[in-house]
Amino acid sequence: MPVRVVLADDEAMIRAGVRAILAADPGIEVVAEAGDGRAAVELVRAHRPRVALLDIRMPRLDGLSAAAEIRRLVPQTATLMLTTFGEDDHIGRALGHGASGFLLKSGDPRELIAGVHAVADGGAYLSPRVARRVIELGGGRLTRRPAARDRTAGLTDREREVLALVGAGLSNAEIARRLHLVEGTVKTYLTSIFTRLDVRNRVQAAILAYEAGLVER
């Protein structure tokens, strides 16, 4: 079955472009579109998609507030945020709200397709340019890297491998295939990693992987 997506952006041309990119992948189906955050929430409640692709800035209800409502009302729907450079405050808020991923509107179209599949499979996805910008927020990459390396130093070699693949946006199933493990073992590793690093979700873990220099760029 294709990944069912609800797409929300207040600019009709942006929606059309995103829809056209997603339509190029037979494994993705856009089931509904919205021009504001409130409509997006209602469409997600009606269609129960696997992914809600939300612009951060929208009328009636912004994308972050819509994502919070979706997670409360339809927790099985993953939220993937569309952003532009210069929206640092919004990115910071989104991190606190536990979004599953961040994509740049001006990014590579392949990132859009990869991001939808990643969060649909339970993974996290950060557009590389967004990831670097997030890392720089609140102190800069050079000052944060030593602290991140200290936090990850206590992980086992295998846990570091798993964390690096989370940072690269892979789902549990993809990590299992890459490391020749069963998926249940990957979940066990992730539980241990989240606890030892004191992170709440995959996006926070992915950012820490970037900060520690574990993700190849």
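Residues numbered from 1 in each chain as written. Predicted model: local features only at pLDDT ≥ 70, side-chain atom pairs only at ≥ 80, totals over all residues. Heavy atoms only, no water.

Draft legend 1. Main features of the confidence of the model for the protein. Summing up the model confidence of the protein, the mean pLDDT is 85 and the portion of residues at 70 or higher is 85%. Contacts for the low-pLDDT stretch residues 138–143, under 50 throughout, to residues beyond four places or in other chains number six contacts. (pLDDT = per-residue confidence, 0-100. Contact = heavy atoms within 4.5 Å.)

Draft legend 2. A look at the pattern of salt bridges. If you walk through the whole model with that rule in mind, you get ten salt bridges. Residue E33 pairs with R15 through a salt bridge whose shortest N-O separation is 3.2 Å. Of this pair, E33 sits in strand β2 (residues 28–34) while R15 sits in helix α1 (residues 12–23), placing them 18 residues apart in sequence. Of the residues examined, E33 reaches a relative accessible area of 29% and is grouped as partly exposed. (Salt bridge = Lys/Arg side-chain N within 4 Å of Asp/Glu carboxyl O. Helix = DSSP H or I, 4+ residues; strand = E, 2+ residues; numbered from the N terminus. Buried < 20%, exposed > 50% of the residue type's maximum accessible area, 1.4 Å probe, protein only.)

Draft legend 3. Region of interest: helix α3 (residues 63–73). Three or more residues of α3 are buried, namely G63, L64, A66, A67 and I70. Projection of α3 onto a plane perpendicular to its axis shows the buried side chains occupying an angular sector of 160 degrees, all on one side. With a side-chain oxygen positioned 2.9 Å from the backbone nitrogen of L64, the residue opening α3 is D62. (Arc of directions from axis to C-beta. Polar contact = N/O pair within 3.5 Å; in protein donor to acceptor, adjacent residues only side chain to side chain.)

Draft legend 4. Region of the structure containing the environment of A168. Topologically, A168 is positioned in the loop between α8 (157–167) and α9 (172–179). The exposure class of A168 is partly exposed, given its relative accessible area of 40%. Along the chain, A168 and Y125 lie 43 residues apart, while their C-alpha atoms are 7.3 Å from each other.

Draft legend 5. Geometry of the sheet that holds strand β5 (residues 101–104). Strand order in this open sheet of six strands is β2-β1-β3-β4-β5-β6, and the pairing throughout is parallel. On the outer flanks of this sheet lie β2 and β6 (125–126), each paired with one strand and no other. In this structure, strand β4 (residues 78–83) lies alongside β5, joined through four bridges in parallel fashion. Along β5, the bridge assignment pairs L82 with L103. (Pairing = 2+ DSSP bridges.)

Draft legend 6. Structural detail: the packing of α8 against α9. One can describe the packing of α8 onto α9 by two numbers: an axis separation of 10 Å at closest approach and a directional angle of 130 degrees. One element, α8, and the other, α9, form an angle in the oblique class. Relative to α9, α8 is oriented so that their crossing is right-handed. Judged by residue contacts, R158, E161, V162, L165 and V166 of α8 engage I175, R178 and L179 from α9. Counted by class, the contact of α8 with α9 contains five nonpolar, no polar and three charged residues. (Axes fitted to C-alpha atoms, helices over the stretch in contact; angles between N-to-C directions. Parallel < 35°, antiparallel > 145°, perpendicular 65-115°, else oblique. Left-handed = near helix turned anticlockwise from the far one by under 90°. Nonpolar A, V, L, I, M, F, W, Y, C, P; charged D, E, K, R; others polar.)

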